[in-house]
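So the chains spell out like this:
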Amino acid sequence: MFVRNKAALAGLFMLLVIVFVALFGSNIYPVDAFDMVGAPLTPPGESGFWLGTDYLGRDILAGIINGSRATLAVGGAAAFCTVVLGLLIGASAGFYGGRVDNILMRVTEFFQVLPPLLLAMVLVTLFSPSLITITIAIGVVSWTGIARLTRGEFLSIRKREYVVAERAIGSRNRRLIWKVILPNGMPPLVVASALSVGSAILFEAGLSFLGLSDPNIMSWGLMIGANREYIFVCWWGITFPGMAIFFTVLSISLIGDGLNDAFNPKLRER
C-alpha cells in the first residue's frame with residue numbers, strides 16, 4: 001500500500017535527498033556557513049552565489065546545507081523524546097487504569113492546557129539555549145498527543161482474548177505491555193511518531209527564529225531570524241531557508257499519510 005502511494009514515495013524521495021544533503025552536502029560544497037565570503041545582500045545568481053548572500057555576506061546555500069544537520073538532528077531527537085515519553089505515560093495509564101490512569105491523565109491535561117511554544121520558550125530561557133536544551137524542551141511540550149493515543153490503544157486492546165490468554169498462562173505485566181499489547185497497537189503510533197518529527201522541526205525553527213537557539217550552530221530557523229529585518233531588501237535570506245523547512249515538513253507529512261493509508265484497513269480502498 002505504501003509503495004503504491006505516489007505522494008508517499010515522493011515524500012520519501014524528498015526526505016532522502018534532504019538527508020543526503022545534510023550528511024554529504026558540506027563535502028560537495030565546502031563553504032563555512034559563518035564565513036563572510038562575498039558582498040552583503042548579493043542577489044541569487046550573482047558573483048557565483050547560487051542563492052545569494054545575507055546582510056553579512058554569508059553564503060545562503062552554505063547556510064542551508066550546514067543548517068540542515070542541526071535542524072534534522074534536533075527534529076529527530078526531539079521527536080524521539082516525545083515518542084518515548086508519550087509511550088511510557090500512555091502505556092502505563094491505559095494498562096493499569098484506575099488511580100494510575102487518573103493521576104497520569106491529570107498530568108497530561110495539565111501540560112495540554114499550557115501553550116506549547118510559550119512553555120518551550122520558558123524552558124529554553126531558564127537554561128542555556130543549546131541544542132540539547134531545545135531538544136528536551138520540545139519533547140517536554142509535545143508528548144501529550146502520543147500519550148493519549150497510546151492510552152486509547154491500550155484501553156481497546158488490553159481486554160481482548162489473546163491478552164487475556166497471555167495473562168492466564170502467567171505472563172508478567174512487562175511482557176504484556178511491550179510484547180503483546182504495544183506491537184498490536186503500533187500502526188497509529190507509527191503514523192503519529194512520523195508526524196511528530198515535522199512538528200519538532202517547526203518548533204525548533206520557531207525557537208531559533210525568536211533567538212532562543214545556540215548562535216554558534218547554524219540552523220534554518222536561525223537564518224530566518226537573523227535576516228527577518230532585511231526581508232524587503234534580502235527576500236532570499238528568508239525565502240530559501242523557509243522553503244527548506246517547508247519541503248522537509250511536507251515530505252514527512254506525505255510519508256505519515258502514506259503510512260496511515262498502509263496501516264489503516266479502512267482506507268485501503270480509498
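In this report, we go over the structure that sits alongside the text. (Residues numbered from 1 in each chain as written. Predicted model: local features only at pLDDT ≥ 70, side-chain atom pairs only at ≥ 80, totals over all residues. Heavy atoms only, no water.)

1. Quick notes on the side chain of T248
Here is step 1: Inspection of the secondary structure puts T248 in helix α11 (residues 236-263).
Here is step 2: A relative accessible area of 0% means that T248 is categorised as buried.
Here is step 3: If near-sequence neighbours (up to four positions away) are discounted, T248 is found in contact with I18, L72, I201 and W220. (Helix = DSSP H or I, 4+ residues; strand = E, 2+ residues; numbered from the N terminus. Buried < 20%, exposed > 50% of the residue type's maximum accessible area, 1.4 Å probe, protein only. Contact = heavy atoms within 4.5 Å.)

2. Concerning the packing of aromatic side chains
Here is step 1: Counted according to the given criterion, the structure contains eight aromatic pairs.
Here is step 2: Residues Y55 and Y230 carry aromatic rings whose centres are separated by 4.6 Å and whose planes lie at 10° to one another, so their mutual orientation is stacked. Here Y55 is found in the loop between α1 (6-28) and α2 (60-96), whereas its partner Y230 is found in the loop between α10 (220-227) and α11, with 175 residues between them in sequence.
Here is step 3: In this structure Y55 comes out as partly exposed when scored by relative accessible area, which is 26%.
Here is step 4: Stacked on the ring of F209, the Lys or Arg R228 has its end atom at 5.2 Å from the ring centre. (Phe/Tyr/Trp six-rings, centres within 6.5 Å; stacked < 30°, edge-to-face > 60°. Lys NZ or Arg CZ within 6 Å of the ring centre and 35° of its normal.)

3. Quick notes on a nonpolar patch on the surface
Here is step 1: Taken together, the side chains of V19, F20, L23, F24 and I28 make up a nonpolar region of the molecular surface, amounting to roughly 490 Å² of accessible area.
Here is step 2: Topologically, L23 is positioned in helix α1.
Here is step 3: You can call L23 exposed: its relative accessible area is 53%. (Patch = residues over 30% accessible without salt bridge, like charges linked within 9 Å, V, L, I, M, F, W, Y side chains within 5 Å. Areas by Shrake-Rupley, 256 points an atom, 1.4 Å probe, with all protein chains shown as cover. Salt bridge = Lys/Arg side-chain N within 4 Å of Asp/Glu carboxyl O.)

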